[in-house]
Structure formats: C-alpha cells, structure tokens
Amino acid sequence: MRPATRVAGQGLSPIRRMSLDAPADTVDLGLGEPGWPAPDAGPRAAVAAPSLGYGPNTSDPALVRAVAGYASSPAHDVAPEQVMVTAGSQAALFALFQAWVEPGSTVLVPDPGFVAYPTLARMCGATPVGYPLTADGDLDAEALVAALGEQPHTSMVVLNHPANPTGGLASTQALSRVAEACAERGQLLVSDEVYAELWVDRRPASLRDVSAAGVVLGSMSKAFAAPGLRIGWALGDPEVLAPARLVHNAMTTAPARLSQAAALGLLLAADEVLPAAREEIRVRWETVDRVAPEFLTSGHRLLGDGHQNPMSRTVTRAGFYLWLALPEPLGRAACADPAGTEAVALRLRDEAGVTTIPGTAFGPRGAGFLRVSLGGPVDVLEEGLRRLAPWWEE
Ligand SMILES: Cc1ncc(COP(=O)(O)O)c(C=O)c1O
C-alpha cells in the first residue's frame, strides 16, 4: 500500500526538526505560542457548559453571534451568517483551500511565510508560488500583483499580517491594491490576521478596513492565549463560506463543545483579556530592547538575497516574532548554501543552547534569518537572548 499522492513527500516540518534531539538545557525560542497563562474566563465558561451533545454543525449560535460582534467595527458590520467557526484557524485554512483551490492551479503564498500554506496547497494538487515581501517583511503589493500577472492560473492568494515569521504588516494602500487585483481576476483572497490583536504601538490595518471582499481569519490561539482550545474562524461572504463549511463539517462535524463554551467565555471577557495580552507583548519587546537592542536593527541585508543593504530594517512591534538577520560572516555563509541557515540554527542550538527556527523553514527567501519567538515566559526569553547576544557582537 502507498499513501495518496497528495500527501507524498510531506515530511516533518523543520520547526519540529529543531526540537528533535535538542540538548536538555536548551532554551526554546522556537515555538509560536503564548507563554503567559490563559485567562481563567475560558476554563470557567467550559466547566459551566450545559451540554456535551454534538450541537449544530455551524457551532453554538451564541458563539457565532459573539464572533460577529467582536469582528464588527463602526466601518464594517459582520453578520452571523458571515462567520464560520472552525477547529482553529488552521481548519478554516484547510476547508477554504479544499473548497476553492483547483488541482493544477497556483496558490500565491508569502515567502517567507507560515509553513502550512504551501502544504495545504500541495494537498489540493496545486502549486504554491511564493511572492516576495518588502525588505522589512511587510506586504509588497506591487510585487504580489506582478506575481499574479505571471501566474494566470492562480485560484487563491494568501496574505498574513502581522506576519509569521517576519512580524511585517500590510498598509491600507497595499491591501486595497491587492484586493482590487484579486477581484478583477476572480481570485479568492484570504487574509490571515490571527496575530492582529497583538500590537504594541498601533492597531494594524485589516483587509476589512478597505474591502468587504475576501476572507479574514481570526483565532483564539494568539491574543486570547488559548491555542489548545482549537477554535478559530473565517469571516466572509456566506456564498464563499458555504463550500468550506461542507469540508469543515466532513472533517470535524463541529468544533469541540467544551472549547466552544470556553471561547465564548473568552470573547465575552475580550475587553479585559486583549489589553492584558498586549501588555504581555509590550513587556517582551521591551525585554529585547533591554537585553539585545542590536537585534532590533539587525537587518542590513535585503530579505534572502545575501547582499548588504545599507538601510537597517524598521522592526514593527506587532505579533510575537523577531525576524533576526544572522551576523556576518555566518549570514553570508548561510545564504551561500540552501541548507546553510538550518546548519547555523542547529549550531546556535547546540553551542549557544537556544532553539530558534531557521528562516528557510518559511521559504527560500528566509535564507540568512532566524525566527525568534518572543511568545514564551519572559525569564526564558531573557535567558535565551543573553545566550544569543554574544554571537552578534562585532
Ligand atoms: C500565521 C498563522 N496562521 C494560522 C495559524 C494557525 O493557528 P490556529 O489553528 O491555532 O488558529 C498559525 C499558528 O501558528 C499562524 O502562525
């Protein structure tokens, strides 16, 4: 027996590979999950949950209404029928890909970008094509529209902002330009905004600020600090969500009932939970400022091209990832060999005692960079930064 072609060649992700055989006292700045305690409004609501029945396929109507209310803004009202609650935003992505991506078509994904996007495209028999970001890791609308011009068989375009792994953002102008280009071509635009609530200085722009088209993703996993609930959502036109609901129902029937109850409890407490999460994030960025300020100006190189760029990067303080350029000569050596960035990350793991994720795990344009997660406990972050910092000294 052989597994189906759609899963052939899918191996262990380089993110998981970094933690295999890690020395015992390694500090882990690899995993992308919040390290502050989950607010107790979630567990309290789950314990009080009245039913363990299946419930509606479309989830508890009270949760759907709460997501709609939470996602509505003065500029854009979200109706309950525009909400699809899923088993994490990962399941929303899976369902949308299965529903809208034709075999043989192309899916445009950010490079560097979240590792699931290319995998999900391949599982549909489609080809993921990476589009470049700006040197700061932000959305570069012109580069994306140029990639669309080169890929006439594109079925879906995926944006992610604040971005994993670069922390980059998307301006309202860039979002409008991309939304118009996708609408002209009849391509589905998916805007993954699961880190949107984790901002330090100002709220990042959303696709919804400029367009009612496309699908916006949100999640309980980041700002609500509850990734184990596995609750996320997709917001969009009911006709766009309808085929994705079929896929999601076939896969899960409905998200777990206890998780739905906990998610509802957290959403009802959003006015306390979200400012507290932003405070957690602010403290972590300040820890970088204090312990390794040079990391915040480390980008003297255009993303992945290996050449010196005289301008240093502007690091956006949103989300919980620091996109760290390797110091020279390590950076140059890492860019010269496709396996070089992973080799440096493994060296830092084994010699400095810190797990980070090699930039190439997120696409070839991640060469020469590491993703450092700031999400974990502050004392762990501080120790990890102290161990790494000497490698960046001249
Ligand atoms: C950019 C991005 N999108 C989606 C997800 C999936 O999150 P979840 O399924 O927990 O909502 C992640 C998880 O790390 C992510 O980084």
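The structure under discussion appears in the preceding block.
Residues numbered from 1 in each chain as written. Predicted model: local features only at pLDDT ≥ 70, side-chain atom pairs only at ≥ 80, totals over all residues. Heavy atoms only, no water.

Peer 1: If you had to explain the packing of aromatic side chains to someone new, which residues and values would you point to?
Peer 2: A ring pair, where both rings are aromatic, is described by two values, the distance of the centres and the angle of the planes. Enumeration over the complete set of coordinates arrives at 9 aromatic pairs. Consider the rings of Tyr 195 and Phe 320, whose centres lie 5.5 Å apart with planes at 85°: the pair is edge-to-face. On the criterion of sequence distance, the pair formed by Tyr 195 in the loop between β6 (188-192) and β7 (215-219) and Phe 320 in the loop between α10 (270-291) and β9 (321-325) is long-range, its members being 125 residues apart. Relative accessible area serves as the criterion here: at 4%, Tyr 195 is assigned to the buried category. Classification of Phe 320 as buried rests on a relative accessible area of 0%. Measuring from ring centre to ring centre gives 5.1 Å for Phe 320 and Tyr 321, while their planes differ by 75°; the resulting arrangement is edge-to-face. (Phe/Tyr/Trp six-rings, centres within 6.5 Å; stacked < 30°, edge-to-face > 60°. Helix = DSSP H or I, 4+ residues; strand = E, 2+ residues; numbered from the N terminus. Buried < 20%, exposed > 50% of the residue type's maximum accessible area, 1.4 Å probe, protein only.)

Peer 1: Could you give an account of the sheet that holds strand β3 (residues 106-111), naming the residues involved and the relevant values?
Peer 2: Strand order in the open sheet formed by 7 strands is β2-β8-β7-β6-β5-β3-β4, with mixed pairing between adjacent strands. Looking at strand neighbours, the two that pair on one side only are β2 (83-86) and β4 (127-132), the edges of this open sheet. Within the sheet, the average angular offset between the axes of one strand and its neighbour, ignoring direction, is 25°. One ladder, built from 6 bridges, connects β3 with β4; its direction is parallel. (Pairing = 2+ DSSP bridges. Axes fitted to C-alpha atoms, helices over the stretch in contact; angles between N-to-C directions.)

Peer 1: Would you mind going over the pattern of salt bridges in detail, with residue names and values included?
Peer 2: Enumeration according to the criterion identifies 15 salt bridges in this entry. The shortest N-O distance in the salt bridge between Arg 278 and Glu 197 comes to 3.0 Å. Note that Arg 278 is positioned in helix α10 and Glu 197 in the loop between β6 and β7, a separation of 81 residues in sequence. The two residues Arg 278 and Glu 197 agree in class, both being buried. Notably, a salt bridge pairs Glu 351 with Arg 347, separated by 3.3 Å at the nearest N-O pair. One end of the pair is Glu 351 and the other is Arg 347, both in helix α12 (residues 340-352) and 4 residues apart, which spans about a single turn. With a relative accessible area of 39%, Arg 347 lands in the partly exposed category. (Salt bridge = Lys/Arg side-chain N within 4 Å of Asp/Glu carboxyl O.)

Peer 1: Now, about helix α9 (residues 257-268): what can you tell me, with residues and values included?
Peer 2: Here α9 is 12 residues long and its end C-alpha atoms lie 17 Å apart, about the 16 Å a rise of 1.5 Å per residue gives. Across the 12 residues of α9, 9 count as buried, placing the element largely inside the fold. The complete set of buried residues in α9 reads Ser 259, Gln 260, Ala 261, Ala 262, Ala 263, Leu 264, Gly 265, Leu 266 and Leu 267. Where the residues of α9 are buried, they touch α2 (41-47), α3 (61-71), β8 (232-235) and α10. (Expected span 1.5 Å × (residues − 1). Contact = heavy atoms within 4.5 Å.)

Peer 1: Which residues make up the environment of Ser 59, and what values go with them?
Peer 2: Assignment of secondary structure puts Ser 59 in the loop between α2 and α3. By relative accessible area, which is 2% here, Ser 59 ends up buried. C-alpha separation for the pair Ser 59 and Ala 256, spaced 197 residues apart in sequence, amounts to 9.0 Å. Those residues in contact with Ser 59 that sit more than four places away from it in its chain are Val 64, Val 85, Pro 255 and Gln 260.

Peer 1: Please set out the sheet that holds strand β11 (residues 357-358) residue by residue, giving values where relevant.
Peer 2: Spatially, the 3 strands line up as an open sheet ordered β9-β12-β11, and their pairing is antiparallel. Strands with a single pairing partner mark the edges of an open sheet, and in this sheet they are β9 and β11. Sheet topology note: the β11/strand β12 (residues 369-373) ladder contains 2 bridges and is antiparallel. Counted as the bridge partner of Pro 358 is Leu 370 from β12.

Peer 1: Describe α12, naming the residues involved and giving the relevant values.
Peer 2: Taking 1.5 Å of rise per residue, 13 residues should cover 18 Å, and α12 covers 17 Å from first to last C-alpha, within 8% of that figure. Contacts made by the buried residues of α12 are with α1 (14-19), α11 (330-336), β10 (354-355), β11, β12 and α13 (378-388). One or two residues past the end of α12 sits Gly 353, with phi positive at roughly 80°.

Peer 1: I'd love a proper account of the packing of helix α6 (residues 141-150) against helix α7 (residues 172-185), names of residues and values included.
Peer 2: Orientation of α6 relative to α7, taken along the N-to-C sense of each, is 15°, at an axis distance of 9 Å. One way to sum up the angle between α6 and α7 is to call them roughly parallel. Seen from above, α6 lies across α7 with right-handed handedness. For the pair formed by α6 and α7, the contact residues are Ala 141, Glu 142, Leu 144, Val 145, Leu 148 and Gly 149 on the first element and Ala 174, Arg 177, Val 178, Ala 181, Cys 182 and Arg 185 on the second. Looking at side-chain class alone, the contact of α6 with α7 contains 8 nonpolar, 1 polar and 3 charged residues. (Parallel < 35°, antiparallel > 145°, perpendicular 65-115°, else oblique. Left-handed = near helix turned anticlockwise from the far one by under 90°. Nonpolar A, V, L, I, M, F, W, Y, C, P; charged D, E, K, R; others polar.)

Peer 1: Can you explain the site of the ligand? Please cite residues and give values.
Peer 2: For the ligand, the set of nearby residues contains 14 residues, the closest of which are Ser 89, Asp 192, Tyr 195, Ser 219 and Ser 221. Between an oxygen atom of the ligand and a main-chain N or O atom of Gln 90, the distance comes to 2.9 Å. Contact distances for the ligand include 2.9 Å between an oxygen atom and a side-chain N or O atom of Asn 164. For the ligand, the protein covers 91% of the area, taking 400 Å² as the surface of the free molecule. (Near = heavy atom within 4 Å. Polar contact = N/O pair within 3.5 Å; in protein donor to acceptor, adjacent residues only side chain to side chain. Areas by Shrake-Rupley, 256 points an atom, 1.4 Å probe, with all protein chains shown as cover.)

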